[in-house]
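Geometric and topological summary
Here are the chains, one letter per residue:
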Amino acid sequence: MGGYTGEELTAIFLMQGFSGLSLFCVFLLMALGLAIIFGQMGVINMAHGEFLTLGAYITYLVSYAASDVWPFLLDYYFPVAIVFAFLGTFILGYLVERYLIRFLYNRPLDTLLATWGLGLILQQIFRSTFGPREKSVVMPDWLMGSYQATDMVDIPLNGLLVVGITIVLTIAVFILLYRSRWGIKVRATTQNRVMANAAGINTERVDRLTFALGCGIAGVAGAAFTTIASTGPTTGSLYIVDTFLVVVFGGAASLLGTVASAFGIAQSQSILSFFLSGSMAKVITLMTVVIILMLRPQGLFASKVRR
Amino acid sequence: MKASWMDKFGGRGKLIQILIIAVLILVVLPLVADTFRLNLYGKYLTYAFVAAGLVLCWGYGGILSLGQGIFFGLGGYCMAMFLKLEASSPENTAIQSTPGIPDFMDWNQLTALPWFWEPFRSFPLTLLLIVLVPAFFAFVIGYAMFKRRVGGVYFAIITQAIASIMTILIIGQQGYTGGINGITDLRTLMGWNIQTDFAQYVLFFACGIALILCLLAGQFILNSRYGQLLIAMRDQEDRVRFSGYDVANIKIFVFVAAAVMSAIGGAFFTLQVGFMSPSFVGTVASIEMVIFCAVGGRLSLIGAAYGAFLVNLAKSSLSESFPQLWVVAMGALFIAVVMLFPRGLAGLVSDYAAPVRNWFASAFKRETIAASGPEIKPGAPKPAESKAREDVSIASAQESH
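What this report covers is the structure whose coordinates are included nearby. Owing to the predicted nature of the structure, the values given are computational and were not obtained by experimental measurement.

Reading the values: the criteria
Residues numbered from 1 in each chain as written. Chains lettered and ligands numbered in written order. Predicted model: local features only at pLDDT ≥ 70, side-chain atom pairs only at ≥ 80, totals over all residues. Heavy atoms only, no water. Patch = residues over 30% accessible without salt bridge, like charges linked within 9 Å, V, L, I, M, F, W, Y side chains within 5 Å. Areas by Shrake-Rupley, 256 points an atom, 1.4 Å probe, with all protein chains shown as cover. Salt bridge = Lys/Arg side-chain N within 4 Å of Asp/Glu carboxyl O. Helix = DSSP H or I, 4+ residues; strand = E, 2+ residues; numbered from the N terminus. Axes fitted to C-alpha atoms, helices over the stretch in contact; angles between N-to-C directions. Parallel < 35°, antiparallel > 145°, perpendicular 65-115°, else oblique. Contact = heavy atoms within 4.5 Å. Nonpolar A, V, L, I, M, F, W, Y, C, P; charged D, E, K, R; others polar. Phe/Tyr/Trp six-rings, centres within 6.5 Å; stacked < 30°, edge-to-face > 60°. Buried < 20%, exposed > 50% of the residue type's maximum accessible area, 1.4 Å probe, protein only.

1. Considerations on a nonpolar patch on the surface
On the surface, Ile 16, Leu 19, Ile 20, Val 23, Leu 24, Val 27, Val 28, Leu 31 and Val 32 of chain B cluster together to form a nonpolar patch covering roughly 800 Å² of accessible area. Among the structural elements, Ile 20 of chain B can be located in helix α1 (residues 11-32).

Here is the structure:
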């Protein structure tokens, strides 16, 4: 670390830390939905990245409508886009559960293959609908620019917005799962399906809504994603392996673990990548995660659920 | 009925099936295909090694590895490193600033051959390493995971992560590995030009024979005492463990066997295609290899070989004329195989071929009596029984997850 003054090092750590923070947000936004689907239902949704991409494309469409058709709405389109992105992916997720996943419970490895196939099909649909090129949303003026913290540190506003969305979404998922009646039903179904059924919970309906909700969260994640990067047909699938590692590393059924592992992986990757090449930083981070997982297969925060 | 040597390979029926596939590969394909097509077919056959390995480890062992590309790549890269060193003799590379090292190393300002390239100067050592490197790698992964009882989904995700780490590493370390282009421009094997038509024929036959040997070895493993244990473990892991067996060792062995098969396939791939690149190592390639196995039938070694061949044939012919359609077809294949025919083509064949075979059997009475003798090994079911039996094993494999 020679050659840097203390002040510069602090600035580097802050800036890299912040870029790590936006990576953390992408990981966490994707992992939230996955953690619900995989952690609670045991379904491996390899098409999760495509749900994120769908959310991003919906946001792109809304922004396109706002900028070209009703220009005066440009400043306000974003909340609308989030709602549409959520609804679109929620509905698709509902249908996927109804016609595909439902038949594959208790066969997790088969859900993996089937959803991978679904992901391929969705990718191709995106490619033929929106073209292979990446699309960027039209950003409203208030999102441009950056916040100048010190002389050496400046933080882009869109990054801050994504951090905000991530925090809100995480808290919402927490409340939904641990403080609502519906959350109780979900957890009851996970812990003992037969008993939950006997207690009058419609477990099929719970499964369907849980899956759809996980997909809806991916849609919102996609909407947030558009503010920091452009969207292409394979955008979501780039992150899917990493995100699964995040979820498993955190302990499948533990939301807190997911947050912690997303933070750890994103930050170490981002800070290491300043001192090493980007690819080596990623290799070292992932290797560490894999080795820790071999030593501690249940992940960082294993929940004490009997299976 | 006396137990014959055939029973060690799954009985006469399986041997006849292997004979049929041998005739198809070694006689029919070379007769109907020109050199270009034959080379393509040879490429498909190299994937059959991987698919057969997956049948052992996924179909019979119950452990889905999404990282078979790693082993395919390791085998392929070992072979490619030998061929590359041969192609970069000091005379051939005299124009480089450091003659005698591969061209991509020179472009990346390397001045000496890295230490791990040194063993690949010798052909016998290369052949040994093609088997040993993946076997060692698989042993380490398997030991670390299975001794700690990591299985099922977690194993799949971790192997997938390792495959993606491997790709990033190969692409990132351009000077040592050739980066994203891989190791290219491979022309001779011990002074023998591998690009001539004749060489392509020889390589195709070598690959075909090796594949048949692998299938036989797989059948032998499955019908040995170890194979019975393997199936028992997949269906009732705890019961086998409580009977005093170390379940982890059984899994490690089958994982290593599958890795070695994939690596042999990879080595033949490099020889026939003339290059090796990271795109055959990563997660996408690895999961495509799983679909070859699933389409052929995850419980049939022979089916997996057909599956690998047919899926790749379909891929080539579809993506030649409709490049976009192939992706959708592939996706649909994933879904269909899981939802509609989980036992793959082999399952479909045994469903529909059974009546025909029964008719033949009744035409030759003597055969029927022999086939319905009391000593029927579980590995060699009668045609009519096979469907029911495979159904049971699929169902129980699913329960155990």
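2. Remarks on the packing of helix α8 (residues 197-223) of chain B against helix α9 (residues 225-235) of chain B
Residue and element names in this part refer to chain B. α9 packs onto α8 with a crossing angle of 70° between their chain directions and a minimal axis gap of 4 Å. As far as their axial angle goes, α9 and α8 are roughly perpendicular. Here α8 contributes Ile 221, Leu 222 and Asn 223 to the contact with α9, which in turn contributes Arg 225, Tyr 226, Gly 227, Gln 228 and Leu 230. Residues that form the contact of α8 with α9 fall into these classes: four nonpolar, three polar and one charged.

3. Looking at unusual backbone geometry
Although it is not a glycine, Arg 149 of chain B adopts a positive phi angle of roughly 60°. The residue Arg 149 of chain B is located in the loop between α5 (123-146) and α6 (152-172) in this model.

4. Re the packing of aromatic side chains
The geometry of two aromatic rings is summed up by the distance between their centres and the angle between their planes. Residue and element names in this part refer to chain B. Counted according to the given criterion, the structure contains 33 aromatic pairs over all chains. Measuring from ring centre to ring centre gives 5.6 Å for Phe 139 and Tyr 143, while their planes differ by 35°; the resulting arrangement is tilted. Separated by four residues within a single helix, Phe 139 and Tyr 143 lie in helix α5, roughly one turn from each other. Of the residues examined, Tyr 143 reaches a relative accessible area of 43% and is grouped as partly exposed.

5. Things to note about the pattern of salt bridges
On inspection of all chains with the given rule, the structure shows 13 salt bridges over all chains. Between Asp 207 of chain A and Arg 193 of chain A there is a salt bridge, with its nearest N and O atoms 2.7 Å apart. Taken as a pair, Asp 207 of chain A in helix α8 (residues 203-225) and Arg 193 of chain A in helix α7 (residues 193-198) lie far apart in primary sequence, 14 residues in all. The class for Arg 193 of chain A is partly exposed, based on a relative accessible area of 33%. The shortest N-O distance in the salt bridge between Lys 315 of chain B and Glu 288 of chain B comes to 3.1 Å. On the criterion of sequence distance, the pair formed by Lys 315 of chain B in helix α13 (residues 301-321) and Glu 288 of chain B in helix α12 (residues 283-296) is long-range, its members being 27 residues apart. Overall, the relative accessible area of 26% leaves Lys 315 of chain B in the partly exposed class. Residues joined in a network through salt bridges with shared partners are Glu 237, Asp 238, Arg 241 and Lys 251 of chain B.

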